[in-house]
Amino acid sequence: MTKEKSPSDNPTATSPTPASKVPIVSSAHLASGKSTELSEFEFGLIIAGNAFNRWAVRCMAAAGMKDMTITDVLVLHHINHRAREKKLADIAFILNIEDTHVVNYSLKKLLSLGLVQTERRGKEVLYSTNDRGRDLCKRYFEIREQVLVSSLSGDGTESFELAELARYLRMLSGLYDQAARSATSL
C-alpha cells in the first residue's frame, strides 16, 4: 500500500494560486477581469495617494503654512527644486498635471502667500522661491526627516526596494497615460 503524497511532501509544489485568494479592492466589479492584481494595485495606489496627500498637507501646516492644497505643496516644492526658475508649462509637465489652469491657480496662491516670485523674460513668466518660500521648504524637510524618514530602516535593501518601486510607478504612469489617450479616442 502506497501513501498518497500531500502537496507539502512535494518540494516543487506551489502555494495556492493567486486566483484562490480574495483580492483587496475598492471595486470588485473591476477585479473580475484578466488582472485582479491590477485592481489590487489600483486600490493600493488610491489609499497610498490619499495618505501621501494628507501627509504632505499636514507636514506643510506643521512647517507653518496652513490651508495649502496638495497641488500647492507639490508646486512649491518643484519651484524650489534645484533653485532654478520654472515656467508654468514645465511645472505642469513635471507634475503630470494636464490642466495648466490648476497649476496657475496654485501659482497665484503661492504668490499671494509671499512664497514665490516671478520674473518676466519676453513672453515667458518664470517662477522661483523667495527667501520665505525656501525657508518653508527647509522646515518641511526637517519635519519630514524627523517624523517620516526616521521611521525607515535605512538599510540597503529598503533603499533598493523603494527605488525599484519608484521606477515601477513611473513605468505604470506611462501605461495609464497611454490608456487615457486611447480612451479619449473611443
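Residues numbered from 1 in each chain as written. Predicted model: local features only at pLDDT ≥ 70, side-chain atom pairs only at ≥ 80, totals over all residues. Heavy atoms only, no water.

1. Concerning the overall build of the protein
Right, so step 1: Within the protein, the secondary structure is distributed over six helices and three strands.
Right, so step 2: In sequence order, the protein lays out its α and β elements as α-α-β-α-α-β-β-α-α.
Right, so step 3: Scored against the burial criterion, the 186 residues of the protein give a buried share of 20%.
Right, so step 4: For the protein, restricting intrachain contacts to residue pairs at least 6 apart in sequence, the fraction spanning at least 24 positions comes to 49%.
Right, so step 5: Split by element, the accessible area of the protein, about 13500 Å² in all, is 58% carbon and sulfur. (Helix = DSSP H or I, 4+ residues; strand = E, 2+ residues; numbered from the N terminus. Buried < 20%, exposed > 50% of the residue type's maximum accessible area, 1.4 Å probe, protein only. Contact = heavy atoms within 4.5 Å. Areas by Shrake-Rupley, 256 points an atom, 1.4 Å probe, with all protein chains shown as cover.)

2. Quick notes on the nonpolar core
Right, so step 1: Judged by nonpolar contacts, the single largest core of 23 residues is most densely connected at M60, M68, L76, I79 and L110.
Right, so step 2: Of all the secondary-structure elements, those providing two or more residues to this core are α1 (36-63), α2 (70-80), α3 (88-94), α4 (100-112) and α5 (131-147).
Right, so step 3: Ranked by residues supplied to this core, first place goes to α2 with five residues.
Right, so step 4: Those residues in contact with L110 that lie beyond four places of it in its chain are M68, D72, V75, L76, I79, L115 and V116. (Core = buried A, V, L, I, M, F, W, Y, C linked by side-chain atoms within 4.5 Å.)

3. With respect to the pattern of salt bridges
For side chains bearing opposite charge, pairing can occur when the charged atoms are close.
Right, so step 1: Summed over the entire model, instances satisfying the criterion amount to seven salt bridges.
Right, so step 2: The salt bridge involving E119 is made with R121; its shortest N-O contact spans 3.1 Å.
Right, so step 3: Taken together, the shared-partner salt bridges in this structure form one network comprising E85, E119 and R121. (Salt bridge = Lys/Arg side-chain N within 4 Å of Asp/Glu carboxyl O.)

4. Topic: the sheet that holds strand β2 (residues 116-121)
Right, so step 1: On the basis of which strands lie adjacent, the open sheet formed by three strands has the order β1-β3-β2 and antiparallel pairing. Edge strands, defined here as strands with exactly one partner in the open sheet, are β1 (86-87) and β2.
Right, so step 2: In terms of strand pairing, β2 meets strand β3 (residues 124-129) through six bridges, oriented antiparallel. Looking at β3, one finds that R121 is bridged to E124.
Right, so step 3: Set on the sheet, α2 makes contact with β1, β2 and β3; between it and β3 the angle comes to about 90 degrees.
Right, so step 4: Each of β2 and β3 touches α4; the most contacted strand, β2, lies at about 115 degrees to it. (Pairing = 2+ DSSP bridges. Axes fitted to C-alpha atoms, helices over the stretch in contact; angles between N-to-C directions.)

5. Details of α2
Right, so step 1: By the criterion of burial, α2 is predominantly enclosed, with eight of the eleven residues buried.
Right, so step 2: Of the residues making up α2, those classed as buried are I70, T71, D72, V73, V75, L76, H78 and I79.
Right, so step 3: Phi for R82, located one or two positions after α2, is positive at around 60 degrees.

6. Some thoughts on the packing of α2 against α5
For any two helices packed against each other, one specifies the inter-axial angle together with the distance between the axes.
Right, so step 1: Across the interface, α2 lies against α5 with an axial gap of 10 Å and an inter-helix angle of 110 degrees. One finds that α2 runs roughly perpendicular with respect to α5. Residue-level contacts link V73, L76, H77 and N80 of α2 to R134, L136, C137 and Y140 of α5.
Right, so step 2: Taken together, the residues of the contact of α2 with α5 sort by class into five nonpolar, two polar and one charged. (Parallel < 35°, antiparallel > 145°, perpendicular 65-115°, else oblique. Nonpolar A, V, L, I, M, F, W, Y, C, P; charged D, E, K, R; others polar.)

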